[in-house]
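Topology and contacts: notes
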Amino acid sequence: MTTISAAKIDAYRLLQMDLVRHLEEAEFLALKTEAWGHDDVVIARELIPDLVKVIHSVLMQHEGTWRGNCRFCLKPAPCPTVQSIHHIVKDPQRQFVKLLDAADEP
Ligand SMILES: [Zn+2]
């Protein structure tokens, strides 16, 4: 059995906390009750592609192989990670769907 050193566990924990804090800042901007100013719009336009890039990257890591298993977690494809992302992105109550529907309107 492989054990992870306490220093590595602390490093992973700090990395995860940093990522969570970053996502919470993005969520805070999105949920801001005041009208967005020019700077908020600029930040959102930079942030949305970054978040899409993160989702895309996770999907690519969990891509199914020709054997039908996820290349990352080795579970049958689509693995729980892909299923979870699919559920969140394609949920009609979520903004992803509304945003894409609005973009299709003439
Ligand atoms: Zn997977």
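Residues numbered from 1 in each chain as written. Predicted model: local features only at pLDDT ≥ 70, side-chain atom pairs only at ≥ 80, totals over all residues.

1. Side note on the overall build of the chain
Looking only at helices and strands, one finds four helices and zero strands in the chain. Helices (α) and strands (β) of the chain occur, in sequence order from the N terminus, as α-α-α-α. With the C-alpha coordinates aligned to their principal axes, the bounding extent of the chain is approximately 55 × 35 × 20 Å. Counting only residues that meet the buried cut, the chain has 2% of its 106 residues in that class. Once local pairs closer than 6 in sequence are excluded, the contacts in the chain between residues at least 24 apart make up 11%. (Helix = DSSP H or I, 4+ residues; strand = E, 2+ residues; numbered from the N terminus. Buried ≥ 20, exposed ≤ 12 C-beta atoms within 10 Å, placed from the backbone. Contact = placed C-beta atoms within 7 Å.)

2. Brief notes about the domain arrangement of the chain
Segmentation of the chain into domains returns domain 1 (1–31) and domain 2 (34–104). Taking only C-alpha atoms into account, the centre of domain 1 sits 19 Å from that of domain 2. (Domains from an automatic or database assignment.)

3. Topic: unusual backbone geometry
The residue after Ala77, namely Pro78, is reached through a cis peptide bond having omega -5°. By the secondary structure assignment, Pro78 is in the loop between α2 (38–61) and α3 (80–90). One non-glycine residue, Leu74, lies in the positive phi region at around 65°. By the secondary structure assignment, Leu74 is in the loop between α2 and α3. What makes Leu74 exposed here is the crowd of 11 C-beta atoms within 10 Å.

4. Concerning the packing of α2 against α3
Each pair of packed helices can be described by the angle between their axes along with the distance between the axes. Interhelical geometry of α2 versus α3 gives an angle of 145° and a closest axis separation of 9 Å. Crossing of α2 against α3: the hand is left-handed. From α2, Ile55, Val58 and Leu59 reach across to α3, where they touch Thr81, Val82 and Ile85. Considering only residue class, the contact of α2 with α3 consists of five nonpolar, one polar and no charged. (Axes fitted to C-alpha atoms, helices over the stretch in contact; angles between N-to-C directions. Left-handed = near helix turned anticlockwise from the far one by under 90°. Nonpolar A, V, L, I, M, F, W, Y, C, P; charged D, E, K, R; others polar.)

5. Considerations on the confidence of the model for the chain
Predicted confidence across the chain gives a mean pLDDT of 86, with 91% of residues reaching 70 or more. Highest mean pLDDT in the chain belongs to α2 (90); lowest belongs to helix α4 (residues 95–104) (66). (pLDDT = per-residue confidence, 0-100.)

6. Here we look at the environment of Pro78
Using a count of 17 C-beta atoms within 10 Å as the deciding quantity, one classes Pro78 as partly exposed. Each C-alpha atom, one on Pro78 and one on His62, is 8.0 Å from the other, the two residues being 16 residues apart in sequence. Apart from residues no more than four positions distant in its own chain, Pro78 is found in contact with Gly64 and Gln83.

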